[in-house]
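Analysis of the macromolecular model
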Amino acid sequence: MTRAFLSALRGLSALLLAALILVTVTDVVGRYILNAPLPGAFELTQILLALLVFAALPLTTARREHVEVDLMAHVLTPRLIRAFGIFAALVTAAALAFFAVRLGIVAGDQAATGARSAALGLPMAAIAGVGVASCAVSAAIALAGARNP
Amino acid sequence: EELVLSSWLPPRHPIVVNAIEPWADEVEKVTDGRVTVRVLRKPLGSPAAHFDMARDGVADITYGLHSFTEDDRFKGAELGQFSFLGDDAAANSGAFWSVYRDKLGAEQEHAGTKLLGLFMHGPGLLHNNKMEITQVSDLQGMKIRVPGGYAADLMAGLGATPLFMSSPEVYEKLSRGVIDGVAFTYEALTAFRLTDDIKYSMTVPGGIYNTTWFLVMNQGKWDGISAEDQAAIEAISGEAFAARVGKAWNDADAAAEAEIEKAGILLYPAPAPVEEAIRMQASKLEAAWADTLDDDRDGLAALATFREMTGAAAE
Amino acid sequence: MTASLIAFALLLGLAFLRVPIAFAMALTGAAGFAMLRGPDAAGAMVGQAVFETGLSYSLSVVPLFIFMGNVLAASGIAHGLFSGADRLFGRFRGGLAMATVLSCGGFSAVCGSSLATAATMSKVAMPSMRRFGYHDSLSTGAIAAGGTLGILIPPSVILIIYGILTESDIGKLFVAGLLPGVLGIALYLIAVLVAVRMNPKLAPPVSETVPMSRRDTMGVLGTLGLFAFIMAGIYGGFFTPIEAAGMGAGASLLIAFGMGEMTLAALGRAFADTASATAMIFAIIIGAEIFGNFVSFAGLPDAIADLVYDLDINPWLVMLAIVAIYLALGTVFESLSMILLTVPVFYPVVEYLQFASPILRDPEHVVIWFAIIVVVATEISLITPPVGMNVFVLRSVVRDVQLGTIFRGVFWFWVADILRIALIVGVPSLSLWLVG
Ligand code: NA
Ligand code: NA
């Protein structure tokens, strides 16, 4: 279940990244060969990037690739290292949950004011909503990681 | 009481140096030092976030453009974004402060904040490096960077292709031929180093577009200031601030215009048929905008009042 | 200022308790901001930072350049670079280590990250050096140090982030990194010679050179071609640095499949690794943004600027003090967070320093020169104990080598780095000559 979900996210991230490359290449090549830059390339890049970050955040968290300083690892007893690991996982989960809550408020705000992107008219609330889901899932993953620090 | 002002323009921008900072200093003077304003060297968020930042108390005082984000909040502010509004930033800003508040509910639209100022910059021009525009068809397919909103709709209506990008990017995109032109003020043309890339700058009386700005303060912070100090701050804000910031824009535009002439850019008024086409397109968009406003707000009447106040109606 | 220093201490404390640096910065920053402005304002600030960072157009170069590096790492060009460099140096004692340094420099020209450069080169260079009886300390030291060039020789993710933080021209920053990068390679080559002269047991007398295959030659040509494509594209005015990243990413796929070693599985890994690294980097950027907002609210940048200007301190002394601070912070801080936390504090001070040297009259030049100083200081931090990220990366690839061995092997390279930063600070035209 979790594994299937993460591999779906991996596929989605790859798709978003490929789209990001494609947008730039189409824009540049279109401009020189067809004298027609891709309209809205600027905004598409912004939005694809935001979606890529949010799609990948649970992956990074699951792979435990957030940069940490393991300075004390050589000095401490295994039990202490374990205790620190649990503490760090809980703090990480709390931070991500906090992000999710605050992004939820941003999403509500964006929906209320009808904020949309300037060129393509895409609803900004939807992007914030994706962020809420991403941070919430990542928080859950970090929390689950506390059992196995 | 120390208030913190988050400023996103470059520290040496004429508006920061000649309007925001002097105003901040004056707040301290008129309140006998009971209220001071600290202007941060680095903003606490993106330019687009600055209204929310004041509302949410992230900073106490912020300024910004109404058109930074496309949403339904500052519908009335579009009053100050149309063509043919006036060539004097001080007069424009004064009229904007007055008409937007009296007729289009500025205070309501800035709910959650204390509205300290509303202002506009100098008239917008249409710059390009392709040709002197003598007829509307010259604009066909021309790729123009626009600030968004009205200017985009106007350009599209005239047959040009509006493109969006951040201002600092204009220089690169113009020199690489990604865009042919840009809707900018005199000041922005020089501030973003475009004098070598632009060859033709077309004016229309009262500007081809404009942008509108706010200066706001967190409501809670405002309520915490004594009535006496509130009155003192109000006296140097609002209309007085509009005059101050308008003069700052005018001075910056005048300096830029001299530089533009020195650079050998052809600065010319739009020929009659082009101006006529812009007027037709503009009135269509003005009417469409007026339709989106609440029934008790008469946008077209507000525009007429605005133009009378700035003297643009006579032109 | 006191509040900022307490927050820095707390941040370090959390980091030592193994809280990822991104979240340590976010939480300390949010807590500090809440103390000054109340919890609601702090929450709003956090929401904004999380929402807006991903939408930043200029940051799109980060995943694009990382992807380019990851694809090329899987393409086999690194092997070609190593073989090519070996042809040049194979005759000397320590020649393979010198080839490692040079090929690290070559890979840096198409990879924006020091960690990726070290990881990639370790897979190619380490087995060869072991086969010929090189001591592990010299082999790993050369890779760890050579890998640091990744962020100096363009393209560079760190220079891009610096450019965004200071609103300077990324193209000019890239050019500024070229000569110092070449100087870095030269000094590292000398460091290898010194190391084997001091302790001949580190390397066998002469190792036979491995002939280059056709694919190796293609790798060298591909690297040179891609580097030229990107730099000429930027300087010839064909595309912006941001577009260069996208075009480079596209071109790297062509090269990788052209080399014939790329598999679909490897491509999938390149995508997944890039996505994960992107979220990791953005989490750090978000955390640094939150922490930075607190620090800027608490008035640290203003306090430091006022201090420098009120006391009218000699600008060279200020520069030396800042370099010293970077070297000290570099012992424990991770590179990206170090840049994100310190550049906003220091560059407003540096920008207006009045140097007598004519080349530093222009504040834009000072900011570019400072970029190179900061990046070289960051490179040093990557190999300085106790926390040297490049050393850690190497350790995770070559699991049977002790950390201490790698840090010992890095010593002469570290000396070369200190010499290099002294030259770069003392001779600003090294960074600015090509910028014009
Ligand atoms: Na590089
Ligand atoms: Na270090």
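Just so you know, these numbers come straight off a predicted model, no measurement behind them. (Residues numbered from 1 in each chain as written. Chains lettered and ligands numbered in written order. Predicted model: local features only at pLDDT ≥ 70, side-chain atom pairs only at ≥ 80, totals over all residues. Heavy atoms only, no water.)

Right, let's talk about the overall build of chain A for a bit. On a plain count of helices and strands, chain A comes out with four helices and zero strands. Counting from the amino terminus, helix and strand elements in chain A follow one another as α-α-α-α. A compact globule built from 149 residues would reach a C-alpha radius of gyration of about 15 Å, whereas chain A, at 19 Å, exceeds it by more than 25%. Principal axes of the C-alpha set define a box for chain A whose edges measure 65 × 40 × 30 Å. Looking at chain A as a whole, 48% of its 149 residues qualify as buried. Accessible surface for chain A amounts to roughly 6,900 Å². Of this, 70% is attributable to carbon and sulfur atoms. In chain A, 10 positive and 6 negative side-chain charges are present, and the distance between their average locations comes to 12 Å. (Helix = DSSP H or I, 4+ residues; strand = E, 2+ residues; numbered from the N terminus. Rg over C-alpha atoms; globule rule 2.2 N^0.38 Å. Buried < 20%, exposed > 50% of the residue type's maximum accessible area, 1.4 Å probe, protein only. Areas by Shrake-Rupley, 256 points an atom, 1.4 Å probe, with all protein chains shown as cover. Lys, Arg positive; Asp, Glu negative; His and termini not counted. Charge placed at Lys NZ, Arg CZ, Asp CG, Glu CD.)

The subject of this paragraph is the overall build of chain C. Summing up its helical and strand segments, chain C has 21 helices and zero strands in all. The C-alpha radius of gyration computed for chain C amounts to 21 Å, which stays within 12% of the reference 22 Å derived for 436 residues, consistent with globular compactness. By principal-axis analysis of the C-alpha atoms, chain C measures approximately 65 × 45 × 45 Å. Here the contacts in chain C between residues at least 6 apart in sequence split such that 79% fall between residues at least 24 apart. On chain C, roughly 14,400 Å² of surface is accessible, and the fraction owed to carbon and sulfur atoms is 68%. Each charge class in chain C can be summarised by its mean position, and for the 19 positive and 23 negative side chains these summaries are 18 Å apart. (Contact = heavy atoms within 4.5 Å.)

Let us look at the interface of chain C and chain B. Taken together, the contact pairs 28 residues of chain C with 22 residues of chain B. Summed over both sides, the interface between chain C and chain B buries roughly 2,100 Å², with carbon and sulfur atoms accounting for 44% of that surface. Of all residues in chain C, the largest losses of buried area upon contact with chain B belong to Arg37(C), Gln48(C) and Phe297(C), amounting jointly to 24% of the total for that side. On the surface where chain C and chain B come into contact, there are five salt bridges. (Buried area = accessible area lost by both parts, 1.4 Å probe. Salt bridge = Lys/Arg side-chain N within 4 Å of Asp/Glu carboxyl O.)

Residue and element names in this part refer to chain C. Only Ser-108 (O), Cys-111 (O), Gly-150 (O), Ile-153 (O) and Pro-155 (O) from the protein reach the sodium ion (ligand 1) as donors, at distances of 2.2 to 2.4 Å. Sequence positions of the residues that donate to the sodium ion (ligand 1) give the spacing S-x2-C-x38-G-x2-I-x1-P. Of the two residues, Cys-111 sits in the loop between helix H6 (95-108) and helix H7 (114-131) while Ile-153 sits in the loop between helix H8 (136-147) and helix H9 (157-166), which places them 42 residues apart along the sequence. For the pair Cys-111 and Ile-153, one class covers both residues: buried. (Donors = N, O, S within 2.8 Å, 3.2 Å for Na, K, Ca; no water.)

To continue, consider the interface of chain A and chain C. How big an interface is tends to be stated in terms of accessible area lost as the parts join. With 55 residues of chain A at the contact, the number on the chain C side is 59 residues. Summing the contributions of chain A and of chain C, the shared interface buries around 4,900 Å²; its carbon and sulfur component is 79%. The largest per-residue losses of area from chain A upon contact with chain C belong to Val67(A), Val69(A) and Phe99(A), which jointly make up 14% of the total buried on that side. Between chain A and chain C we count two salt bridges in total.

Further remarks concern the sheet that holds strand S1 (residues 2-6) of chain B. Strand pairing in a sheet relies on backbone hydrogen bonds. The paired strands run either parallel or antiparallel. Residue and element names in this part refer to chain B. Across the sheet, which stays open at both edges, the five strands sit in the order S2-S1-S3-S10-S4 with mixed pairing between neighbours. One side of each edge strand has no neighbouring strand; the edge strands of this open sheet are strand S2 (36-39) and strand S4 (113-120). Across the sheet, the axes of successive neighbouring strands diverge by a mean angle of 25°, strand direction being ignored. Note: strand S3 (residues 61-65) against strand S10 (residues 212-218), five bridges, orientation antiparallel. If you follow Ile-61 over to S10, its bridge partner there is Met-217. (Pairing = 2+ DSSP bridges. Axes fitted to C-alpha atoms, helices over the stretch in contact; angles between N-to-C directions.)

As a further point, take empty space enclosed by the protein. By rolling a water-sized probe across the atoms, one finds the places where empty space is left. Evaluation of the coordinates by the stated rule reveals four cavities of 30 Å³ or more. Roughly 220 Å³ of internal volume is contained in the largest cavity. Elements represented by at least two residues in the lining of the largest cavity include exactly helix H1 (2-33) and helix H2 (41-62) of chain A, helix H6 (167-175) of chain B together with helix H12 (241-259) of chain C. Considering each element in turn, the lining of the largest cavity owes the most residues, four residues, to H2(A). (1 Å grid on protein atoms, 1.4 Å probe; cavity = no way out; pocket = protein on both sides within 12 Å on 5 of 7 lines; lining within 4 Å. Points joined across faces, edges and corners; volume = space filled by probe spheres on them.)

So, on to a nonpolar patch on the surface. A grouping of Val29(A), Tyr32(A), Ile33(A), Leu34(A) and Phe238(C) is seen on the molecular surface, where their side chains present a nonpolar patch of about 520 Å² in accessible area. Positionally, Phe238(C) belongs in the loop between helix H11 (214-235) and H12. (Patch = residues over 30% accessible without salt bridge, like charges linked within 9 Å, V, L, I, M, F, W, Y side chains within 5 Å.)

Moving on, we come to the pattern of salt bridges. All names here are of chain B. Enumeration according to the criterion identifies 33 salt bridges over all chains in this entry. Put simply, Arg-55 and Asp-52 hold a salt bridge, and the shortest N to O gap is 3.6 Å. One end of the pair is Arg-55 and the other is Asp-52, both in helix H2 (residues 50-56) and three residues apart, which spans about a single turn. For Arg-55, a relative accessible area of 23% translates into the label partly exposed.

In this section: the state of the cysteines. All names here are of chain C. Per the stated rule, a full pass over the model turns up zero disulfides over all chains. There is no disulfide at Cys-111, and the cysteine sulfur nearest it, in Cys-104, is 10 Å away. Overall, Cys-111 belongs to the buried group, its relative accessible area being 2%. (Disulfide = S-S within 2.5 Å.)

Averaged over all residues, the pLDDT of chain A is 90; the fraction at 70 or higher stands at 96%. Mean pLDDT across the elements of chain A bottoms out in H1(A) (91) and peaks in helix H4 (residues 124-145) of chain A (96). (pLDDT = per-residue confidence, 0-100.)

Across the junction of Pro154(C) and Pro155(C), the peptide omega takes the value -5°, indicating a cis bond. Counting through the fold element by element, Pro155(C) comes out in the loop between H8 and H9. Within the chain, Asp32(B) stands out as a residue other than glycine whose phi angle is a positive 50°. Among the secondary structure elements, Asp32(B) is positioned in the loop between helix H1 (14-30) and S2. By relative accessible area, Asp32(B) is classed as exposed at 63%.

Quick look at the environment of Gln230(B) now. Residue and element names in this part refer to chain B. Mapping Gln-230 onto the fold places it in helix H9 (residues 227-236). Judged by relative accessible area, which is 17%, Gln-230 ranks as buried. Sequence spacing of Gln-230 and Met-309 is 79 residues, and the spatial spacing of their C-alpha atoms is 28 Å. With near-sequence residues (within four places) excluded, Gln-230 lies in contact with Trp-222, Asp-223 and Ile-225.

With that out of the way, let us pick up the side chain of Ser237(B). Tracing the sequence through the fold places Ser237(B) in the loop between H9 and helix H10 (238-262). Residue contacts for Ser237(B): discarding those within four places in its chain leaves Trp23(B) and Leu116(B).

This next bit is on the nonpolar core. In this structure, Phe99(A), Leu79(B) and Phe370(C) are the most contacted members of the largest nonpolar core, which totals 291 residues. Top element by residues in this core is helix H13 (residues 264-298) of chain C. It accounts for 20 residues. Excluding residues within four positions of it along the chain, Phe370(C) makes contact with Tyr162(C), Met319(C), Ile322(C), Tyr326(C), Phe346(C), Tyr347(C) and Val350(C). The next biggest cluster of nonpolar side chains, apart from the first, holds 31 residues, and it includes Leu9(B), Ile15(B), Val37(B) and Ala248(B). (Core = buried A, V, L, I, M, F, W, Y, C linked by side-chain atoms within 4.5 Å.)

Here we come to H10(B). Residues and elements named next belong to chain B. The terminal C-alpha atoms of H10, which comprises 25 residues, lie 36 Å apart, in line with the 36 Å expected from a rise of 1.5 Å per residue. Restricting attention to buried positions, one finds in H10 the residues Gly-238, Phe-241, Ala-242, Val-245, Gly-246, Ala-248, Trp-249, Ala-252, Asp-253, Ala-256 and Ile-260. Contact partners of the buried residues in H10: H1, helix H3 (89-104), S4, helix H7 (186-191), S10 and H9. (Expected span 1.5 Å × (residues − 1).)

What follows is about the pairing of S3(B). All names here are of chain B. Burial within S3 is extensive, with five of its five residues counted as buried. Here S3 shows a buried face lined by Ile-61, Tyr-63 and Leu-65 and a second buried face lined by Thr-62 and Gly-64. Pairing between S1 and S3: two bridges, direction parallel. Note on S3: the bridge partner recorded for Ser-6 is Thr-62.

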